[in-house]
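Below are the chains, spelled out letter by letter.
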There are 2 protein chains.
Amino acid sequence: MSKIRHALSVTREADFAAWYQAAIAEGQMAEESGVRGCMVIKPWGYGIWERIQRLLNDRIKATGHDNAYFPLFIPLSNFEREADHVEGFAKEMAVVTHHRLIADGKGGLIPDPEAKLEEPLVVRPTSETIIGDAMARWVQSWRDLPLKLNQWANVVRWEMRTRMFLRTSEFLWQEGHTAHATPEEAKEHTLTMLEVYRAMAEEDLALPVIAGEKPEHERFPGAVETWSIEAMMQDGKALQAGTSHYLGTNFAKASGIKYQAQEGGEQFAHTTSWGVSTRLIGGVIMAHGDDDGQRVPPRIAPWQVVILPMLRGNDDDAPLIEYCDGLRATLTGQQALGEPVRVLLDTKPGKPAQKRWDWVRKGAPIIIEVGGRDMENGVVTLIRRDQLWDIETGKLNSQAPTREVAGQTIPGVLGDIQQALFTQAAERRDANIATGIDSWDGVVQFFANNGKYPGWVEVQWSKPTGDALEQVVEKLKVEKLTVRNVPRDATPADGTCIFTGDPAVERIYVARAY
Amino acid sequence: MSKIRHALSVTREADFAAWYQAAIAEGQMAEESGVRGCMVIKPWGYGIWERIQRLLNDRIKATGHDNAYFPLFIPLSNFEREADHVEGFAKEMAVVTHHRLIADGKGGLIPDPEAKLEEPLVVRPTSETIIGDAMARWVQSWRDLPLKLNQWANVVRWEMRTRMFLRTSEFLWQEGHTAHATPEEAKEHTLTMLEVYRAMAEEDLALPVIAGEKPEHERFPGAVETWSIEAMMQDGKALQAGTSHYLGTNFAKASGIKYQAQEGGEQFAHTTSWGVSTRLIGGVIMAHGDDDGQRVPPRIAPWQVVILPMLRGNDDDAPLIEYCDGLRATLTGQQALGEPVRVLLDTKPGKPAQKRWDWVRKGAPIIIEVGGRDMENGVVTLIRRDQLWDIETGKLNSQAPTREVAGQTIPGVLGDIQQALFTQAAERRDANIATGIDSWDGVVQFFANNGKYPGWVEVQWSKPTGDALEQVVEKLKVEKLTVRNVPRDATPADGTCIFTGDPAVERIYVARAY
């Protein structure tokens, strides 16, 4: 084993929040930018986002959506039309008020008082109102429906407490917006997109999620129904990984999205919106990472296989590079998980062991080291990131297949790693969901007595509304707990409400959350 | 011929600017958003941008760049460090001054005076200064160089007079930023990226361009050298379609990008930046469009082949749809121009002739109509967008190959169309560049006497600097003319300077420009 430090500077067990920051920094994912609340997404982190984009974009197009692009700036008056919506976002909006800078006479610059905008512009926190304006122009008749749009964009929400990937003032996302003739069709589409997100999370990110409806008090501002996918992180907290909203006619009325019905008469359209963001990357780190850094699922790894020749930095390296390039070429010509294998032959200067551990911390699924002796023996040294250590000996785990065998088997191994990460995360989650608790006191006890990382509880409630709901929200708040969602495919409620003791109507997950 | 109007509402000859707006509107590319200077890019327009992105992104990665993402907001103080740079952009910057809205007490909203930012933030007009900050953190030693980054992003320049795609307050682009150890390497890279742009324009957009260096007075603010690709539009004006800048150590000094040299000692890095934007789409429209609308080159067409069954809107349509779907499946399984053919089977409701002309105006390269009789005869009706009319008869030009022949030949026809569009644009350009003019009076005469769309002149000059250059700039301004660039691969100057009569040192193109 190398003397070079490999593990992250802090373990998950010691301090999960610090571990998360270390995994990001040492995995070369992102860093603070110096601009309040905004991060720089570094090439490895952005490469993961590009992979997520590519795969999700295909899913979004396969469900009949077109991409389009709408303005970054939204006139302030747009927000005045939907009361709940502005109430939800007004406190965290970046506002553009000037369109020119001038010298301040002291060597600096100030916004030019002569160049003040008549109507301030808001940097979009989400685009329902501006896309609603376009839909109102584009929808005239039932023949124009459904209208199914998607946008990949940056959005800004002025968050007071930020955390990289999970909550930043600017973030990248996709936002889908659709308009339909009937509430039934719009509701069905809300669930279609929820299912797209579930499949993306589980199949691409190897992230097991629970798809369900958010309770009333957790709805998107202006929505009639909000659905989410919820994932468990390794500290037992929940991460809302994507949301899909049925907006009723709220935004159609605010923007005037009306159509001539087939049976005559003018009707308001029923709209939906749904989004996932760079927050997903935070979820991947916290669900799959270990004390040696990240473990990136092969489907979303920018490089699935990294080949590291043990170079001397002189002309003698040429045969070794050629030997490695043969494996690279073999693999690139093959398919893993339905796509050509993505292989990097890394010949950058640097100490071999240092480079190996850099790639371990970045989480490349397979690392292949090749030294002169390997070449002589016709083999390569293969390290699976998901099986880094031999549990019995505590030593670094590696195999030495021949180059030919490596070329044949690696595509299958990538599929195995994808599956193994999902299975581990699913087993960990399922082992950390408590059931059978039937009172609020029991819930409070559970979270008090189950250590640093207590997990979730699945309980039942009577779906309170009005004052009763407000009391529930207050109780949750005191304990820093949240209702995650009402799982879509749960068995029917059969117990009592933890809050009231009344007969329950739904199952819910209660957890701490990001 | 159909009674449905097909040609745009205005011809190129009658009013090129109005024709351009009509081509955009009737080709369903984009529209005004209602937000000052910002447009909505509609699905067909955005689909073209996605194609350009995909192809250019591959070229950028093939030349060794990684994508990353940097903040939208740039602290005002960043701009104070490079004097030329801020001078160039200060007059058109959107400035964020507040982070919250509150009710104004009259039913409206205003920026909250309590939530004023201590330091205003500028919405990025370009990212040299913020990426320079990151480069200063990332570059320590010569081993960290070259550092080659690219970003796909939106940027904002508060333009007073906007025109869709060509000049909008917000636009989409890619901006590459690299740092190198030596001026030679940085200059060489500037030209490498210029060549990437030339190849992209000519091979993907079928847009012939002249690659060359901008004269001193047209440089990017803060650059040492600015290079461009210049294309001729059908009104004879020039469009700057992409630029590549050698920035010397100007931004390295402003941001502190320093490295330990291999031979010892600390040095400033030499940086480059280069970008192309959604303006390219305007160039495609103005170079290739005709009086029936757009003609999109097959490489960047979201759909290369659109199949239109002449549907009756009832159950009898099923066999016809199946017949068309057979052709769609055949074509989708084949390659044209190195990629799987992109085919849309368009079964949306609508009158067949109306749908045909919608696709003509959008510029789909091949439109295939199939009626019941075609199916009985085993043929399809094939329309090439670049050969829409029979020149002799003035009638719509179509062929009726069997379905099998169509399936076999269409991939090759797409290649032919790509080539034909390039050749037409190149011949038109070459026919509209005048040579042999050796005086400024001659240039002025040329533009006065050559009608509405005079084209360009290739002339020679002595590359004036200082006061002499200022006089030249003044002369150009009076005539609304510009120096486009000094072509990179021109034969050496052999004549006299049009401005001074002195021996010339360079050839230049003079033209009106967008």
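For the structure itself, look to the data block above.
I will try to describe carefully the structure that is included in this document. (Residues numbered from 1 in each chain as written. Chains lettered and ligands numbered in written order. Predicted model: local features only at pLDDT ≥ 70, side-chain atom pairs only at ≥ 80, totals over all residues. Heavy atoms only, no water.)

All names here are of chain A. With an omega of -5°, the peptide bond between Leu145 and Pro146 qualifies as cis. Structurally, the position occupied by Pro146 is in the loop between helix 4 (128-138) and strand 9 (147-156). For Lys480, which is not a glycine, the phi torsion comes out positive at approximately 55°. Relative to the helices and strands, Lys480 resides in the loop between helix 13 (466-478) and strand 25 (482-483). (Helix = DSSP H or I, 4+ residues; strand = E, 2+ residues; numbered from the N terminus.)

This part is about the interface of chain A and chain B. Across the boundary between the two partners, chain A contributes 59 residues, which contact 59 residues of chain B. Of the charged contacts in the structure, one is a salt bridge between B:Glu50 and A:Lys61, with a shortest N-O distance of 3.1 Å. One can count 30 residue pairs in polar contact (both at pLDDT 80 or more) joining chain A with chain B. Examining the composition of the side of chain A that touches chain B, we find that 6 residues originate from one element, helix 2 (residues 43-62) of chain A, more than from any other. Classifying every residue of the side of chain A that touches chain B by side-chain character gives 37 nonpolar, 8 polar and 14 charged. Pairing between strand 5 (residues 95-98) of chain A and strand 5 (residues 95-98) of chain B: 3 bridges, direction antiparallel. Within strand 5 of chain B, the position partnered with A:His98 by the bridge is B:Val95. (Contact = heavy atoms within 4.5 Å. Salt bridge = Lys/Arg side-chain N within 4 Å of Asp/Glu carboxyl O. Polar contact = N/O pair within 3.5 Å; in protein donor to acceptor, adjacent residues only side chain to side chain. Nonpolar A, V, L, I, M, F, W, Y, C, P; charged D, E, K, R; others polar. Pairing = 2+ DSSP bridges.)

Note on strand geometry: in a regular strand, side chains alternate between the two faces of the sheet. Residues and elements named next belong to chain B. Among the 8 residues in strand 12 (residues 225-232), 8 count as buried, and that is most of the element. Neither face of strand 12 is open: one carries Glu225, Trp227, Ile229 and Ala231, the other Thr226, Ser228, Glu230 and Met232, and all of them are buried. One ladder, built from 4 bridges, connects strand 11 (residues 210-213) with strand 12; its direction is antiparallel. The residue bridging Ile210 from the neighbouring strand is Glu230, located in strand 12. (Buried < 20%, exposed > 50% of the residue type's maximum accessible area, 1.4 Å probe, protein only.)

Before going further, it helps to examine the pattern of salt bridges. Residue and element names in this part refer to chain B. The tally for this structure, following the rule as stated, stands at 58 salt bridges over all chains. Here Asp358 makes a salt bridge to Arg361, at a shortest N to O gap of 3.1 Å. Taken together, the residues span about one helical turn, with Asp358 and Arg361 both in helix 10 (residues 352-362) at a distance of 3 residues. Judged by its relative accessible area of 23%, Asp358 is partly exposed.

This paragraph deals with the relation of the copies chain A and chain B. When chain A is fitted to chain B, the best match, at an RMSD of 0.0 Å, comes from turning it 180° and sliding it 0.0 Å along the axis. Taken together, the rotation angle and the small translation identify this as a two-fold axis. Every residue of chain A has its C-alpha some distance from the rotation axis, and the shortest such distance is that of A:Val96, at 2.1 Å. (Least-squares fit on C-alpha atoms with pLDDT ≥ 70 in both.)

Here we come to the nonpolar core. Of all hydrophobic cores here, the largest spans 89 residues; its most connected members are A:Phe73, A:Val123, B:Phe73 and B:Val123. For this core, the element with the most residues is helix 5 (residues 128-138) of chain B, which contributes 6 residues. Apart from residues no more than four positions distant in its own chain, A:Phe73 is found in contact with A:Val96, A:Leu121, A:Val122, A:Val123, A:Ile130, B:Val35, B:Cys38, B:Ala94, B:Val123, B:Val156 and B:Trp158. (Core = buried A, V, L, I, M, F, W, Y, C linked by side-chain atoms within 4.5 Å.)

Another point: empty space enclosed by the protein. Residues and elements named next belong to chain A. As enumerated under the stated definition, the model contains 9 cavities of 30 Å³ or more in all. There is about 70 Å³ of room inside the largest cavity. What lines the largest cavity is Glu128, Ile131, Gly132, Met135, His177, Thr178, Leu247, Phe251, Ile257, Thr271 and Thr272. Contributing elements (two or more residues each) for the lining of the largest cavity: helix 4, strand 10 (170-180) and strand 16 (270-277). When residues in the lining of the largest cavity are grouped by element, the largest group, 4 residues, is from helix 4. Split into classes, the residues belonging to the lining of the largest cavity amount to 5 nonpolar, 5 polar and 1 charged. (1 Å grid on protein atoms, 1.4 Å probe; cavity = no way out; pocket = protein on both sides within 12 Å on 5 of 7 lines; lining within 4 Å. Points joined across faces, edges and corners; volume = space filled by probe spheres on them.)

Another aspect to go through is helix 10 of chain B. Residues and elements named next belong to chain B. Residues of helix 10 that are buried: Lys355, Arg356, Trp357, Trp359, Val360, Arg361 and Lys362. Considering only its buried residues, helix 10 is in contact with helix 1 (16-26), helix 2 (43-62), strand 17 (305-309), strand 20 (343-345), strand 21 (366-370) and strand 22 (381-384). Immediately downstream of helix 10, the backbone of Gly363 shows phi near 90°, a positive value.

Residue and element names in this part refer to chain A. Spatial ordering of the open sheet is given by 20-17-21-22, a layout of 4 strands whose pairing is mixed. Here the strands that pair on one side only, and so sit at the sheet edges, are strand 20 (343-345) and strand 22 (381-384). Sheet twist, expressed as the average angle between the axes of neighbouring strands with direction ignored, equals 20°. Note that strand 21 (residues 366-370) and strand 22 share 4 bridges and pair antiparallel. Note that in strand 22 the partner of Ile366 across the bridge is Arg384. Each of strand 17 (305-309), strand 20 and strand 21 touches helix 8 (residues 318-332); the most contacted strand, strand 20, lies at about 170° to it. (Axes fitted to C-alpha atoms, helices over the stretch in contact; angles between N-to-C directions.)

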